Amino acid sequence: PAHPAVMQALGRSLRSLAATGARQMSSGTARSSRMSGFHKASVPERISKLSSSGFLTEEAVAAMSGPGLEMSDAASMIENVITTFKLPMGVSLNMTINGKDYVVPMVVEEPSVVAAVSNVARMTRPEGFRTSSTEPVMIGQLHVHKDSGLPEAKAKLEASFGELVDLANSWQPRLVKRGGGIRGMEAKLLTYDEPGEQREETMCVYFYVDCRDAMGANLINTTAEKLAPEVERITGGRVGLKILSNLADRRLARAEVTLPFDRLATGTMDGREVAEGVASAYRFAYADPYRAATHNKGVMNGIDPVVIATGNDWRAIEAGAHAYAARSGVYRPLGRWVVRDGALHGS
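Residues numbered from 1 in each chain as written. Predicted model: local features only at pLDDT ≥ 70, side-chain atom pairs only at ≥ 80, totals over all residues. Heavy atoms only, no water.

So, about the sheet that holds strand β3 (residues 130-133). One open sheet accounts for four strands, arranged β3-β8-β10-β9; its pairing is antiparallel. Each having just a single partner strand, β3 and β9 (337-340) make up the two edges of the open sheet. Each adjacent strand pair in this sheet contributes to an overall mean axis angle of 20°, direction not counted. Here strand β8 (residues 253-260) pairs with strand β10 (residues 343-346) via four bridges, running antiparallel. Paired with Leu-259 across the bridge in β10 is Leu-344. This element, helix α10 (residues 271-287), spans β9 and β10 of the sheet and lies at about 140° to β9. (Pairing = 2+ DSSP bridges. Helix = DSSP H or I, 4+ residues; strand = E, 2+ residues; numbered from the N terminus. Axes fitted to C-alpha atoms, helices over the stretch in contact; angles between N-to-C directions. Contact = heavy atoms within 4.5 Å.)

Below you can see the structure in the form of structure tokens.
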């Protein structure tokens, strides 16, 4: 849908919030996300602090004071619209990530989430968090049905993978020019054997796409639709579902942090005691899926609000995260905490 200029400006303001550290203020001083007394300030004062610190442009400030999503635009986005629904947007402060300072937008209704993120981020300074990511490879699937001869069909298909990869890349010349494209294909025989139901043998064709900066759903679904007739021609089977997978286990983001004991001390507990308690809670989650579910809800408390604030699909993120947590066949915690060398290490 076509959005009004104010919504475009708000989108740009969010991108400004999420990409602050790489640039410098006009004075040449690096921006700092450490803003003392921010939580005590009024909303206009907070916006003024972000603006004067170089985290918001004038256009972004204007967008934040605008009307937000107009009803006419909302009605063109989804079906059966009757109104819009607002949630509060806050910002997490004190973030140092890979040596650069960031202010992170968070949209969430639960109290204390933003405060908790900002507080822990403050404990990590000056070193902050260390992050990394794999190449942005997403997965597409084609589900092949064939009454007999699936192993032979699989062998024929595997012999044609080079041809299919070249063909699929030819459909996306601009993606290939930017360094993306199909990174490979794979075929697996599947067995449906739910108790009490008729057994079924099928095949899944996986293709792996470097989507660059895109989420990749439209790209992959379109590629799957175009690949389907070729797969049917080679295998003699029928392709059913042709779709992206939300288990993006080839497109991972990782974060690490080290917290010395002295930064964890409270008025009633010393730092080592706090660290041992956090590590014990992690081990509990690793051993018990009921605790792991609650552990991972806490992890997603910090992730979903950023996904929502930046206009992304938090249902896809949630589905992929929880599927990844169960990749071993047992549901495990997404965050790991261990005590080592006089510090609490998280990853």
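Back to the text.
Under the definition given, this model contains one aromatic pair. Here Tyr-282 and Tyr-286 contribute two aromatic rings whose centre-to-centre distance is 6.2 Å and whose plane-to-plane angle is 50°, an arrangement assigned as tilted. On the criterion of helical spacing, the pair formed by Tyr-282 and Tyr-286 is a turn pair, its members being four residues apart in helix α10. Of the residues examined, Tyr-282 reaches a relative accessible area of 10% and is grouped as buried. Taking relative accessible area as the criterion, Tyr-286 reaches 41% and is therefore assigned partly exposed. In this structure, Arg-31 is placed above the aromatic ring of Phe-55, and the distance from its NZ or CZ to the ring centre is 5.9 Å. Taking NZ or CZ as reference, Arg-250 lies 3.6 Å from the ring centre of Tyr-208, over its face. (Phe/Tyr/Trp six-rings, centres within 6.5 Å; stacked < 30°, edge-to-face > 60°. Buried < 20%, exposed > 50% of the residue type's maximum accessible area, 1.4 Å probe, protein only. Lys NZ or Arg CZ within 6 Å of the ring centre and 35° of its normal.)

This part takes up the sheet that holds strand β7 (residues 238-245). Spatial ordering of the open sheet is given by β5-β6-β4-β7, a layout of four strands whose pairing is antiparallel. The open sheet is flanked by β5 (181-192) and β7, the only strands paired with a single partner. Ignoring which end each strand starts from, the neighbouring axes of this sheet average 20° apart. In this sheet, β7 lies alongside strand β4 (residues 137-145) in antiparallel orientation, the contact comprising six bridges. Directly across from Ile-139, in β7, lies its bridge partner Ser-245. Across the sheet, helix α6 (residues 150-159) touches β5 and β6 (200-210), and the angle it forms with β5 is around 175°.

What follows deals with the packing of α10 against helix α11 (residues 289-309). Each packed pair of helices is defined by two parameters, the angle between the axes and the distance between the axes. Between α10 and α11, whose axes approach to 6 Å, the crossing angle comes to 125°. Relative to α11, α10 is oriented oblique. With respect to the hand of their crossing, α10 and α11 are arranged in left-handed fashion. Contacts between α10 and α11 pair Tyr-282, Phe-284, Ala-285 and Ala-287 from the former with Pro-289, Arg-291, Ala-292 and His-295 from the latter. Its residues placed into classes, the contact of α10 with α11 shows six nonpolar, one polar and one charged. (Parallel < 35°, antiparallel > 145°, perpendicular 65-115°, else oblique. Left-handed = near helix turned anticlockwise from the far one by under 90°. Nonpolar A, V, L, I, M, F, W, Y, C, P; charged D, E, K, R; others polar.)

Helix length check: helix α9 (residues 217-235) (19 residues) gives 25 Å between terminal C-alpha atoms against 27 Å at 1.5 Å per residue, within 8%. The principal kink in α9, of about 35°, is found at Leu-227, preceding the proline Pro-229 by one to four residues. Of the residues making up α9, those classed as buried are Leu-219, Ile-220, Thr-223, Ala-224, Leu-227, Ala-228, Val-231, Ile-234 and Thr-235. Downstream of α9 by a residue or two, Gly-236 has a phi angle that is positive, lying close to 75°. (Expected span 1.5 Å × (residues − 1). Bend = angle between axes of the 7 residues up to and from the residue.)

Here the focus is the packing of α6 against α9. Running from amino to carboxyl end, α6 crosses α9 at an angle of 125°, the nearest separation of the two axes being 9 Å. Of the possible angle classes, the one that applies to α6 and α9 is oblique. Taken as a pair, α6 and α9 cross one another with a handedness that is right-handed. Here Ala-153, Lys-156 and Leu-157 of α6 lie close against α9, whose contacting residues are Val-231, Ile-234 and Thr-235. Residues that form the contact of α6 with α9 fall into these classes: four nonpolar, one polar and one charged.

Within helix α7 (residues 161-170) the residues assigned to the buried category are Phe-161, Leu-164, Val-165 and Ala-168. Looking straight down α7, one finds its buried side chains confined to an arc of 100°; they lie on one side. Looking at the buried residues of α7, the elements they touch are α6, β5 and α9. (Arc of directions from axis to C-beta.)

On to the environment of Leu-252, then. Assignment of secondary structure puts Leu-252 in the loop between β7 and β8. Taking the relative accessible area as the measure of exposure, Leu-252 reaches 17% and is therefore buried. A C-alpha to C-alpha distance of 9.0 Å links Leu-252 and Val-137, two positions 115 residues apart in sequence. Setting aside anything within four residues of it in sequence, one finds Leu-252 in contact with Ser-132, Ser-133, Thr-134 and Tyr-324.

For the coordinates displayed, the defined rule picks out zero disulfides. Looking at Cys-204, it has no disulfide partner, and the nearest cysteine sulfur is the one in Cys-211, 17 Å off. (Disulfide = S-S within 2.5 Å.)

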